[in-house]
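So the chains spell out like this:
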Amino acid sequence: MIYLDCAATSLQKPASVRYAVSDAMRTMSSPGRGGYESAMAAAGMVLDCRTALADMFCVSAPERVIFTSSATHGLNIAINSLVKPGDRVVISGYEHNAVWRPLYGRGADIRVAASQLFRPEAAMDAFRRLLPGANAAICCQVSNVFGYILPLEEIAALCRRAGVPLIVDAAQAAGSVGLDFDGLGCAFAAMPGHKGLLGPQGTGVLLCREEQPRPLLYGGTGSVSESVEMPDFLPDRLEPGTHNVPGIAGLLAGLEWLGRRTPAAVLAHERELAAAFCDILSGSDKIRLFRAADPSCQAGVVSLQIKGVDCEEAAERLAARGIAVRAGLHCAPLAHQTAGTLRAGTVRFSFSPFNTFSEVRYAAEQVLSLGV
Ligand code: PMP
């Protein structure tokens, strides 16, 4: 199978990730719950992973790196902490349901800073217009549907100037597009461990600026157990319950692999694959490609439509030829609404550090053959 659905999860991982998971299951118990060898081994590994994440995302204190079960979990903590019912929240036109639904569920007054695809200036203008009077803002760094890299630095600067706390959804960016969390002054940034960071499913990360966010889950932390209240310090305040130790061990191995290859090299490789894929398809009048004129606006994700072929049917026919892609709305109806593709959806191809040029050429040829 040629796996081109890395925007859902990265199926291909470094072998060291698998070994780390199984080694942790053999040798590590619960961190922070004992002074014996297996508990200390778990505690050391969890701290190493927290520190590696703090280094990668420019967070000055590793305690402000929280382990979650997914990006969705982290976004729910951030939204629950910052947003009260009735609060006005400005979001980009490219947000995932992991942002839209929790905001709706919380009763927020949601204002969409909608702007045309691959038009960073327009995105800044839309935020500039809506930010005055807002209680919070949320912006994805990269659209999971179109690979559009939003102008996060500029949007963060607008938020700082307007005094509006910003939550970053780094789900599609982490591992390839860099994030200077402290430098941008964001309130929170959430990301999965299981996509570009190459960890196992069931892992996620939340970066926090403030010391005392509001917990989403309450329970035992192995610290200040005499108190009925959650600890007032991080990471314990947001990490009740037993950690996903095998998952975090796998995530650490993924981060180490990425550190050697570097996120910048991963981004360059994924962009070259995307360019090779688009170059083959761009000559066909049957294919509508969503490709940025300025390549610096797009990461390694490409959406397309094939004239006369329903997108779900196209994905099924590609699956029958051994190509794994995702069709439809990609849990991001808002992004499709903004881009004008809500009715038909798109077929999405997302590339990873492990994909090769021959895989991508084969996939493009198969797409061409569907359109005739
Ligand atoms: N936000 C974006 C932009 C995403 O692409 C995804 C995953 N598809 C999520 C949030 C949710 O991530 P998770 O599945 O780890 O909860």
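These remarks concern the structure in this document.

Cut-offs used in this document
Residues numbered from 1 in each chain as written. Predicted model: local features only at pLDDT ≥ 70, side-chain atom pairs only at ≥ 80, totals over all residues. Heavy atoms only, no water. Phe/Tyr/Trp six-rings, centres within 6.5 Å; stacked < 30°, edge-to-face > 60°. Helix = DSSP H or I, 4+ residues; strand = E, 2+ residues; numbered from the N terminus. Buried < 20%, exposed > 50% of the residue type's maximum accessible area, 1.4 Å probe, protein only. Near = heavy atom within 4 Å. Polar contact = N/O pair within 3.5 Å; in protein donor to acceptor, adjacent residues only side chain to side chain. Areas by Shrake-Rupley, 256 points an atom, 1.4 Å probe, with all protein chains shown as cover. Nonpolar A, V, L, I, M, F, W, Y, C, P; charged D, E, K, R; others polar. Contact = heavy atoms within 4.5 Å. Axes fitted to C-alpha atoms, helices over the stretch in contact; angles between N-to-C directions. Parallel < 35°, antiparallel > 145°, perpendicular 65-115°, else oblique. Left-handed = near helix turned anticlockwise from the far one by under 90°.

## Observations regarding the packing of aromatic side chains
Okay, so step 1: By the definition in use, this model includes six aromatic pairs.
Okay, so step 2: Arranged with centres 5.1 Å apart and planes meeting at 40°, the rings of Trp257 and Phe354 form a pair that is tilted. Of this pair, Trp257 sits in helix 8 (residues 245-261) while Phe354 sits in the loop between strand 13 (346-350) and helix 12 (357-370); the two residues are 97 residues apart in sequence, bridging distant segments of the chain.
Okay, so step 3: Judged by relative accessible area, which is 17%, Trp257 ranks as buried.

## Concerning the site of the ligand
Okay, so step 1: Around the ligand sit Ala7, Ser70, Ala71, Thr72, His96, Ala98, Asn144, Asp169, Ala171, Pro192, His194 and Lys195, and those are all the residues in its vicinity.
Okay, so step 2: Ser70 places a polar side-chain atom, nitrogen or oxygen, 3.5 Å from an oxygen atom of the ligand.
Okay, so step 3: Between the ligand and the protein, one listed contact pairs an oxygen atom with a side-chain N or O atom of His194 at 2.8 Å.
Okay, so step 4: Within the complex, 88% of the 400 Å² of free accessible area of the ligand lies under protein.
Okay, so step 5: When grouped by side-chain class, the residues that make up the shell around the ligand number five nonpolar, five polar and two charged.

## Points about the side chain of His194
Okay, so step 1: You can see His194 is positioned in the loop between strand 7 (188-192) and strand 8 (204-208).
Okay, so step 2: Take His194: its relative accessible area is 14%, and that puts it in the buried class.
Okay, so step 3: Polar side-chain contacts of His194 include one of 2.8 Å to the side chain of Thr9.
Okay, so step 4: Dropping the residues within four chain positions of it, His194 is found in contact with Ala8, Thr9, Ser10, Lys13, Gly199, Pro200, Gln201 and Thr203.

## Side note on the packing of helix 10 (residues 311-320) against helix 12
Okay, so step 1: Contact geometry for helix 10 and helix 12: axes closest at 11 Å, N-to-C directions at 130°. Taken together, the axes of helix 10 and helix 12 are oblique relative to one another. Between helix 10 and helix 12 lies a crossing of right-handed hand. Residues Ala314, Arg317 and Leu318 of helix 10 form the contact with helix 12, whose participating residues are Gln366, Val367 and Leu370.
Okay, so step 2: Class assignment for the residues of the contact of helix 10 with helix 12 results in four nonpolar, one polar and one charged.

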